[in-house]
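Read off the chains here:
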Amino acid sequence: MLSSHPNITTQTIDNNLLQQKKIQLQVLRLDKVHPIISGNKIFKLHYYIEGLDKKAGKTIITFGGAYSNHLVATAYTCKLNGITCVGIVRGEAPKQLSHTLQHCTEYGMQLQFISREAYHQKENNDFTGQLQQQYENAIIIPEGGYAIAGAKGAALIMNHVADEITHICCAAGTSTTAAGLLSNIKPHQQLIVFPVLKGLNDIDQRFDFLTGKNFNKEQLHIRDGYHFGGYAKKTVELIQFMNTLYNEHWLPTDFVYTGKMMYGVMNLLQNNFFLPGSKVLCIHTGGLQGNLSLPAGTLTF
Ligand SMILES: *Cc1c(COP(=O)(O)O)cnc(C)c1O
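Definitions and limits used
Every residue gets a number counted from 1 within its own chain, in the order that chain's sequence is written. Totals for whole chains, interfaces and linings use every residue, but because this is a predicted model, local features are given only for residues with pLDDT of at least 70 and side-chain atom pairs only at 80 or more, for both listing and counting. By convention in this description, side-chain values take in all heavy atoms of the structure and omit both hydrogens and water. The helix count covers DSSP runs of H or I at least four residues long, the strand count covers runs of E at least two residues long, and both are numbered beginning at the N terminus. When we talk radius of gyration, it's over C-alpha atoms, and the globule rule is simply 2.2 Å times the number of residues to the 0.38. Exposure categories follow from relative accessible area, calculated using a 1.4 Å probe and restricted to protein chains: below 20% of the type maximum is buried, above 50% is exposed, and the middle band is partly exposed. All accessible-area figures derive from a Shrake-Rupley calculation using a 1.4 Å probe, and residue coverage is judged against the displayed protein chains alone. Just so you know, the count uses Lys and Arg for positive and Asp and Glu for negative, and it drops His and the chain ends. The atom standing in for a charge is NZ when the residue is Lys, CZ when it is Arg, CG when it is Asp and CD when it is Glu. Salt bridges are defined as contacts in which a side-chain nitrogen from Lys or Arg sits within 4 Å of a carboxyl oxygen from Asp or Glu. Here a residue-residue contact requires only that any non-hydrogen atoms of the pair lie within 4.5 Å. Here, any two strands with at least 2 DSSP bridges between them count as paired. Axis angles are defined between N-to-C directions and span 0 to 180 degrees, where every axis is a line fitted to C-alpha atoms and, for a helix, only to the segment in contact. Here, the term right-handed applies to a crossover whose path from the first strand over the helix to the second runs clockwise when the strands point away from the viewer. Nearness of a residue to a molecule or strand requires only that one of the residue's heavy atoms be within 4 Å of it. Under the rule applied, a polar contact is a pair of N or O atoms within 3.5 Å (in protein, one hydrogen donor and one hydrogen acceptor; residues adjacent in sequence only if both atoms are side-chain atoms). Classes in brief: Ala, Val, Leu, Ile, Met, Phe, Trp, Tyr, Cys and Pro nonpolar; Asp, Glu, Lys and Arg charged; the others, Gly included, polar.

J.: Could you give me a rundown of the overall build of the protein chain, with the residues and numbers involved?
T.: The secondary structure content of the protein chain amounts to eleven helices and ten strands. What you see for the protein chain is a C-alpha radius of gyration of 19 Å, in line with the 19 Å of a compact globule of 301 residues. With the C-alpha coordinates aligned to their principal axes, the bounding extent of the protein chain is approximately 60 × 45 × 35 Å. Classification of the 301 residues of the protein chain by burial places 55% in the buried group. Carbon together with sulfur atoms contributes 48% to the accessible area of the protein chain, which is approximately 13,800 Å² in total. Between the centroid of the 25 positive side chains of the protein chain and the centroid of its 21 negative side chains there is a distance of 2 Å.

J.: Before we move on, can you summarise the pattern of salt bridges with the specific residues and values?
T.: If you walk through the whole model with that rule in mind, you get six salt bridges. Between K122 and E123 there is a salt bridge; the shortest N-O distance is 3.8 Å. With a relative accessible area of 7%, K122 lands in the buried category. What makes E123 exposed here is its relative accessible area of 52%. A salt bridge links E143 to K122; the nearest nitrogen and oxygen atoms lie 3.3 Å apart. With E143 in the loop between β6 (138–140) and α7 (148–155) and K122 in the loop between α5 (116–120) and α6 (125–134), this residue pair connects regions lying 21 residues apart in the sequence. A residue is classified by how much of its surface remains accessible, and E143, at 29% relative accessible area, is partly exposed. What emerges from the salt-bridge pattern is a single network uniting K122, E123 and E143.

J.: Which residues make up the side chain of K41, and what values go with them?
T.: By the secondary structure assignment, K41 is in helix α2 (residues 39–50). D254 is the oppositely charged side chain nearest to the buried, salt-bridge-free K41, at an N-O distance of 8.6 Å. Not counting the four nearest positions on each side in its chain, K41 is found in contact with N69, H70 and A73.

J.: Give me the sheet that holds strand β9 (residues 220–222): which residues, what numbers.
T.: The sheet built from six strands is open, its strands ordered β1-β2-β10-β7-β8-β9 with mixed pairing. Each edge of the sheet is formed by a strand with only one pairing partner; in this case those strands are β1 (9–13) and β9. Between one strand axis and the next, the sheet turns through 25° on average, direction left out of account. The pairing of β1 with strand β2 (residues 24–29) spans five bridges and is antiparallel. Across the sheet, residue I13 finds its bridge partner in β2, namely L25. This element, helix α9 (residues 203–211), spans β8 (190–195) and β9 of the sheet and lies at about 145° to β9.

J.: Outline the pairing of strand β4 (residues 84–90), supporting the account with residue identities and numerical values.
T.: Across the seven residues of β4, five count as buried, placing the element largely inside the fold. Pairing between strand β3 (residues 59–64) and β4: six bridges, direction parallel. Each bridged residue has a counterpart across the sheet, and for I60 the counterpart in β4 is C85. Read from β3 through helix α3 (residues 69–81) to β4, the crossover connection turns out right-handed. Where β4 lies against strand β5 (residues 110–114), five bridges are found, and the strand directions are parallel.

J.: So what about the environment of M109? Which residues, and what values?
T.: In this fold, M109 is placed in the loop between α4 (99–106) and β5. Spatially, the C-alpha atom of M109 lies 14 Å from that of H99, the residues being ten residues apart in sequence. Those residues in contact with M109 that sit more than four places away from it in its chain are T62, L71, T74, A75, C85, V86, G87 and C104.

J.: Any chance you could break down the site of the ligand for me, citing the residues and the numbers?
T.: For the ligand, the set of nearby residues contains 15 residues, the closest of which are K41, K44, T174, T177 and T285. At 3.1 Å, a side-chain N or O of S38 approaches an oxygen atom of the ligand. K41 has a polar side-chain atom sitting 2.7 Å from an oxygen atom of the ligand. Compared with its free state, where it exposes 380 Å², the ligand has 98% of that area covered by protein. At the level of secondary structure, the elements contributing two or more residues to the shell around the ligand comprise α2 and α8 (176–183). Sorting elements by how many residues they give to the shell around the ligand places α2 first, with three residues. A breakdown of the residues in the shell around the ligand according to their chemical character gives two nonpolar, eleven polar and two charged.

Given below as structure tokens:
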């Protein structure tokens, strides 16, 4: 079903600094999978959908906030595959749905709003038990696809990464995508992860859980200094960086994930983190629809 993605391309970025430092930089454009759906999200859903007997009338239930790329990706994927889906949304129903939630409903997802307090308790058995009763045959996918099956799906992204690559860079929210990449990385490759949340202190446990501790710690580099104040926080500097990146290289990024990752990569480059001769691949995980929440004119693209 979703295993072939003919739209994915690899974009080469070139500038004086890269030439000076003798580094090759490429971007794997998973954002090209779909204009609205984040590339990595579709991979994370792969095994949930693949294993599903559609005739059995299953319902997929998952969770997210009003701007969740995961919710909209689930809605889209379910629509493509003819599966009923329900999105449990954090917070009371707003008067006006966010762009993200509008897309979810367009793709046929039923939305169920629950209070922040109830949302906080969503993992507890009472609540999931209730959902199982309410929706017969429900399959519950954790928020952000944060599960071993999600990481396995994300590991398929490595099929798009050439062996000659020495460093793979990605943004991390739940870390599921990063864990998938790490589990499928070649021995000579390094993974550099840029958390977009402030104080993601349990990241080591996340990698352990998602990979079954099956990875080499030496290949994992977490660079925590590029969250710009926390999840979905931004500064003028970040926005300027994203505009410049687009103006100079035609590379659109989102302010929640990929803009921060690219900023981090360029900063590491300036600080000689990468040795001459390195071939660096940044995973553009998508998320561009999130930019619609910015005031018009903030970005030049
Ligand atoms: C969700 C998302 C991420 C983070 O993925 P995780 O697997 O949760 O770490 C990165 N980039 C974009 C664009 C996303 O939508």
